[in-house]
Amino acid sequence: MKLDQHFVTNRKVLLRIVELAKIKKNEVVLEIGAGKGNLTKLLLNKAKVVYAIEKDEKLFSELKKINNKKLKPIFGNALKINFPNFDKIVSNMPYSISEPLIQRLIYEDFKLAVLLLPKNFVKIIIGEKTTKLSLISNLFFEIKVCDDISPVCFYPKPRVWSNIVLLKLKKCKNFKNAIFQEFIKQKDKKTKNALREAIIKAGKKFSRNITKREARGFFENFEINKKVASLNLKELKEIKNFVNNLF
Ligand code: SAH
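Below you will find a few notes about this structure.

What counts as what
- Residues numbered from 1 in each chain as written.
- Predicted model: local features only at pLDDT ≥ 70, side-chain atom pairs only at ≥ 80, totals over all residues.
- Heavy atoms only, no water.
- Helix = DSSP H or I, 4+ residues; strand = E, 2+ residues; numbered from the N terminus.
- Rg over C-alpha atoms; globule rule 2.2 N^0.38 Å.
- Buried < 20%, exposed > 50% of the residue type's maximum accessible area, 1.4 Å probe, protein only.
- Contact = heavy atoms within 4.5 Å.
- Areas by Shrake-Rupley, 256 points an atom, 1.4 Å probe, with all protein chains shown as cover.
- Near = heavy atom within 4 Å.
- Polar contact = N/O pair within 3.5 Å; in protein donor to acceptor, adjacent residues only side chain to side chain.
- Nonpolar A, V, L, I, M, F, W, Y, C, P; charged D, E, K, R; others polar.

**Considerations on the overall build of the chain**
- Helix and strand counts for the chain stand at 10 helices and 9 strands.
- For 247 residues, the compact-globule estimate of 2.2 N^0.38 gives 18 Å, and the C-alpha radius of gyration of the chain, at 20 Å, lies within 12% of that figure.
- Counting only C-alpha atoms and orienting by the principal axes, one finds that the chain spans roughly 60 × 35 × 30 Å.
- Within the chain, the proportion of its 247 residues that are buried is 49%.
- Taking contacts inside the chain between residues at least 6 apart in sequence as the whole, the part at least 24 apart equals 60%.
- For the chain, the exposed surface amounts to about 13400 Å²; the carbon and sulfur share of it is 49%.

In structure tokens, the structure reads:
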């Protein structure tokens, strides 16, 4: 089992992450892959509560030794367990779960994510070249790329440089974008069902009452009907265009 353990040992980097998170006294913070608690301890100075998820038993027992009532250590795999409610997510998390974690964050409601991510992955999400992941990331998040972080700030050193990245959920001001967002979230449904659900859900948000029958009507002759999660970039773009031309 790959645990991807690279601890941030450079204190300036840890302080910078905390600074960028602008944590208020009443805020609840979620940390993923807390390790021995290098970052956790600094987060505890700022937040009301810190939920710290860790999957490695040994590290988890270290983490539990931190004597602070504000700390709520959670043992488990961050991709599988339910998240508690939180305001901000602040993490130097395992790079191997960057993509599934970003995919998971589209379902959460939070004010800000401050994440340390590998630079090559950051390039993908900001969409230097459009990919399925960049399309989804930019549909849901405002992404701000901050400091470059050298491998020497970690122990053991990772092979690649990293960035501190800020993610904020985009508030959907536009009905058509809201439909596409809701559509992407129904990842286990077939395309037509997902579109139908999405249009009804987005309709509710924008006070447009669309009945099931109406919703079905829009997509009757739609040809693509794979599971949403298995759609490729071309198909997603086609669906986006289709939604944009609906009304
Ligand atoms: N945040 C710490 C540790 C970073 S290393 C620091 O900066 O020092 C990444 C950590 O994530 C490791 O402690 C590893 O055991 C843990 N981890 C790996 N996969 C995980 C998963 N799926 N869920 C939760 N924690 C995980």
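Still more ground to cover, so stick around.
**Re the site of the ligand**
- Taken together, 20 residues lie around the ligand, and Q5, G33, E54, N77 and N92 are the ones closest in.
- Side-chain polar atom of Q5 to an oxygen atom of the ligand: 2.8 Å apart, as the coordinates give it.
- K55 has a polar backbone atom sitting 3.5 Å from a nitrogen atom of the ligand.
- If the ligand stood free it would expose 570 Å²; the protein chains cover 99% of that surface.
- By residue class, the composition of the shell around the ligand is 7 nonpolar, 8 polar and 5 charged.

Any functional reading would require information beyond the geometric quantities listed.
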